[in-house]
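The primary structure of each chain is shown beneath.
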Amino acid sequence: MGLSKETIKTSLDAISKVEPTLGKAIKAAGYPEPRINPEGYQTLLRTIVGQQVSVASAASVWNKLEALLGAGCPAEALIATEFDELRACGLSRQKQGYARSLAELILSGGLDLNNLPHDDEEAIARLTQVKGIGRWSAEIYLLFALGRPDIWPAGDLAIQAGVGDILGHDTRPSEQDLREIALPWSPHRGSVAIFIWHHYNTMVM
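Residues numbered from 1 in each chain as written. Predicted model: local features only at pLDDT ≥ 70, side-chain atom pairs only at ≥ 80, totals over all residues. Heavy atoms only, no water.

Novice: Can you walk me through the nonpolar core in this structure?
Specialist: By size, the foremost hydrophobic cluster in this structure holds 58 residues, and its most contacted members are Leu22, Leu65, Leu111, Leu127 and Trp152. Ignoring anything within four residues of it in the chain, the contact list for Leu22 reads Ile15, Ile166, Trp185, Val192, Phe195 and Ile196. (Core = buried A, V, L, I, M, F, W, Y, C linked by side-chain atoms within 4.5 Å. Buried < 20%, exposed > 50% of the residue type's maximum accessible area, 1.4 Å probe, protein only. Contact = heavy atoms within 4.5 Å.)

Given below as structure tokens:
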């Protein structure tokens, strides 16, 4: 499961002592609520289904898939289903390729989600074997489903904008800049990321 509310608060309190500017932002915006996704195949499949579409559209496609394949869209059922049937649910050719890549890796044992490497970079490399699962998607899975405490999605535009705003940068930091900026925040970067999204939402409202 993802990081608990208590873990996030403890981590952010620790970071406030290291980075006072971030501490001021935390005091102003308050502590974020945790975001927790289930572990396993279903969450990764839903990530694929939800790419580049609205939340409502993704939910509609998912509901149709479950009606066709069964609860959780089992890998065996997905592999056995014809292209046109999946397309009728709203799953494009490209996403079908991604979904089948995931299902095949799960069924073959090529991806064991119960035994991902403890090292975060190795776990990301394992997850990105799946077509359609890039680094950002892998990081989000490790943070919100597994609660890995030091995940830092530096390629996320909202994280870049939020950190730039808090630290007073004139331009949005690059991914590489953000990785360097956040080095002193380890091993609490996952909680910082959750806070930055929270802060970003207050920025754009």
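Novice: Before we go on, may I ask you to explain the pattern of salt bridges in this structure?
Specialist: Note on pairing: side chains with opposite charge can pair once their charged atoms come close. Tallying each qualifying case throughout the model produces nine salt bridges. Note that Asp13 and Lys9 form a salt bridge whose closest N and O atoms lie 3.1 Å from each other. In this pair, Asp13 and Lys9 are both assigned in helix α1 (residues 5–18), four residues apart and thus about one turn of the helix distant. A salt bridge links Glu139 to Arg179, with the nearest nitrogen and oxygen atoms 3.7 Å apart. Residue Glu139 is located in helix α9 (residues 135–144), and its partner Arg179 is located in helix α11 (residues 175–181); the two are separated by 40 residues in the primary sequence. (Salt bridge = Lys/Arg side-chain N within 4 Å of Asp/Glu carboxyl O. Helix = DSSP H or I, 4+ residues; strand = E, 2+ residues; numbered from the N terminus.)

Novice: What's the story with the environment of Gly70 in this structure? I'm lost.
Specialist: Along the chain, Gly70 falls in the loop between α4 (55–69) and α5 (75–80). Accessibility expressed as a relative area gives 23% for Gly70, which makes it partly exposed. Through-space distance from the C-alpha of Gly70 to that of Glu180 is 45 Å; in sequence the pair is 110 residues apart.

Novice: What should I look at first to understand the packing of helix α8 (residues 120–127) against α9 in this one?
Specialist: Angle between the axes and distance between the axes: these two values describe a pair of packed helices. Between α8 and α9, the least distance of the axes is 9 Å, while the angle of their chain directions is 120 degrees. Taken together, the axes of α8 and α9 are oblique relative to one another. At the point where α8 passes α9, the crossing takes the right-handed sense. Residues Asp120, Glu121, Ala123, Ile124 and Leu127 of α8 pack against Arg135, Ala138, Glu139, Tyr141 and Leu142 of α9. Split by residue class, the contact of α8 with α9 holds six nonpolar, no polar and four charged. (Axes fitted to C-alpha atoms, helices over the stretch in contact; angles between N-to-C directions. Parallel < 35°, antiparallel > 145°, perpendicular 65-115°, else oblique. Left-handed = near helix turned anticlockwise from the far one by under 90°. Nonpolar A, V, L, I, M, F, W, Y, C, P; charged D, E, K, R; others polar.)

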